[in-house]
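Summary of the model geometry
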Amino acid sequence: MIINLRGVRGSIPVPGKDTVKYGGNTTCIEITTDEGDKIIIDGGSGIRPLGNELMKQLPVSCSIFITHTHWDHIQGLPFFLPLFVPGNNIDIYGSFDPVYMKDLKTILAQQMEYCYFPVRESELNANISYNNLKEGEAITVGSAIVTPLLINHPVLNFGYKVESNGKSFFFTGDYEPPLNIYEPEDEAYAEYQRLVDQQKKILTDFIQGVDVVVADCQYTRDEYPSKKGWGHGTHDSCIEMARDANLGALYFTHHDPTRTDQELDSIYDDVMSRSDLPPTKFFIAMEGTEIKL
Ligand SMILES: [Zn+2]
Ligand SMILES: [Zn+2]
């Protein structure tokens with residue numbers, strides 16, 4: 001399969017001279033299997049130029065998996081032109097929101113209400129299916145199997161594993177490793193730590209030996225103490241994940257919108273100078289990167 005990183009930025013698109021190298025579009029990953037099946041993970045602003053490319057070969061048939069419905073992961077969908085064209089077949093997958101009791105279609109349609117957008121969801125002319133996924137429910141897309149795993153973020157967030165022809169890929173979506181909310185001297189600390197360790201092990205087992213992982217590391221280890229609970233990882237938490245799960249390669253993504261190209265380069269140099277790196281290959285995710293598996 002071929003993995004194309006179409007958007008690697010977190011929070012908000014940041015075009016401009018400081019983001020030319022790594023890119024300013026928000027999250028979108030395109031996966032094409034050896035058989036040509038098209039899987040797209042997340043509909044951040046990176047999905048708009050992808051849609052324009054897909055329009056050159058109609059009809060478009062693709063499956064879009066949404067990690068979660070925070071704006072930076074769905075804001076490009078109303079600009080994804082294949083949705084407007086009759087004859088295209090687009091299956092959209094994601095989770096039901098149990099807090100607001102909204103299904104995926106309702107959430108996506110609401111960002112296309114007239115107060116936000118001039119065209120309503122009901123005016124999209126492609127054949128569109130909306131599918132609320134349950135954790136662990138594997139979906140077959142051509143030769144690929146896509147499996148969601150719930151991982152820690154302030155809303156339900158699915159990490160997706162894509163397996164095809166013996167190769168494997170995983171994207172975390174937005175993910176902060178679970179934290180113990182108690183102090184070590186508190187009575188509840190040990191019990192809570194067991195839960196934290198259990199949650200981490202579920203993810204480690206799920207991605208054990210995966211060839212390529214793209215993982216959220218919006219913050220550096222120096223920034224993280226003031227951002228705890230915001231739902232994002234660090235480069236160091238990703239390195240730990242890579243070590244525990246024996247990953248082949250890991251791409252650091254969901255770059256903070258304030259991060260310049262120069263800063264990302266120096267963060268990479270700093271990370272690569274750690275003395276205890278596992279054998280995993282590490283990269284800074286860059287918009288336009290094509291990974292062949
Ligand atoms: Zn995000
Ligand atoms: Zn988020």
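Every chain's residues receive numbers from 1 upward, in the order its sequence appears when written. Lettering for chains starts from A, numbering for ligands starts from 1, and both go in the order in which the items are written. Selection of residues for local features in this predicted model requires a pLDDT of at least 70, selection of side-chain atom pairs for listing and counting requires 80 or more, and totals for whole chains, interfaces and linings are taken over all residues. Calculated side-chain values reflect all of the structure's heavy atoms, with hydrogen atoms and water omitted.

1. Let's talk about the pairing of strand β9 (residues 157-164)
On any regular strand, side chains alternate: one points to one face of the sheet, the next to the other face. Burial analysis of β9 places seven of its eight residues in the buried class, which makes it a mostly covered element. The pairing criterion is simple: DSSP has to find at least two bridges between the two strands. Think of it this way: any DSSP run of H or I at least four residues long counts as a helix, any run of E at least two long counts as a strand, and we number them from the N terminus. Bridge analysis of strand β8 (residues 144-151) against β9 gives eight bridges, and the strand direction is antiparallel. Counterpart to Leu149 in the pairing with β9 is Gly159. In this structure, the hairpin formed by β8 and β9 is closed by a connection of five residues. If you look at the hairpin formed by β9 and strand β10 (residues 167-171), you'll find two residues sitting between the two strands, and Asn165 has a positive phi there, around 50°. Buried, partly exposed and exposed residues are distinguished by accessible area as a fraction of the type maximum, computed with a 1.4 Å probe on protein chains only: under 20%, between the cut-offs, and over 50%, respectively.

2. Looking at the sheet that holds β8
The seven strands are arranged β7-β8-β9-β10-β11-β12-β13 in an open sheet whose pairing can be described as mixed. Every interior strand has two partners, whereas the edge strands, β7 (139-141) and β13 (281-284), have only one. With strand direction ignored, the average angle separating the axes of adjacent strands in the sheet is 20°. Examined bridge by bridge, strand β12 (residues 249-253) and β13 share four bridges and lie parallel to one another. The partner of Leu250 across the bridge, within β13, is Phe282. Here the axes come from fitting lines to C-alpha atoms, over the contacting stretch only for helices, and the angles between their N-to-C directions go from 0 to 180 degrees.

3. Details of the coordination of the zinc ion (ligand 2)
For a metal bound by four donors in tetrahedral geometry, the ideal donor-metal-donor angle is 109.5 degrees, whereas six donors in octahedral geometry ideally sit at 90 or 180 degrees. Note that water is not among the atoms used; donors are N, O and S atoms within 2.8 Å of the metal (3.2 Å for Na, K and Ca), so sites may look incomplete. For the zinc ion (ligand 2), the full set of protein donor atoms is His68 (NE2), His70 (ND1), His153 (NE2) and Asp174 (OD), at a range of 2.2 to 2.3 Å. Geometry assignment treats four donors as tetrahedral when all angles are between 85 and 135 degrees, treats four as square planar and six as octahedral when opposite donors are over 155 degrees apart and all others between 65 and 115, and treats everything else as irregular. Seen from the zinc ion (ligand 2), its four donor atoms lie at angles of 89 to 167°, and the figure they make is irregular. For the zinc ion (ligand 2), the single-chain donor residues occur in sequence as H-x1-H-x82-H-x20-D. If you look at the zinc ion (ligand 2) and the zinc ion (ligand 1), they sit 3.6 Å from each other and are both ligated by Asp174. Here the residue His68 occupies a position in the loop between β4 (61-65) and β5 (89-94), and Asp174 occupies one in the loop between β10 and α3 (189-206), the gap between them amounting to 106 residues.

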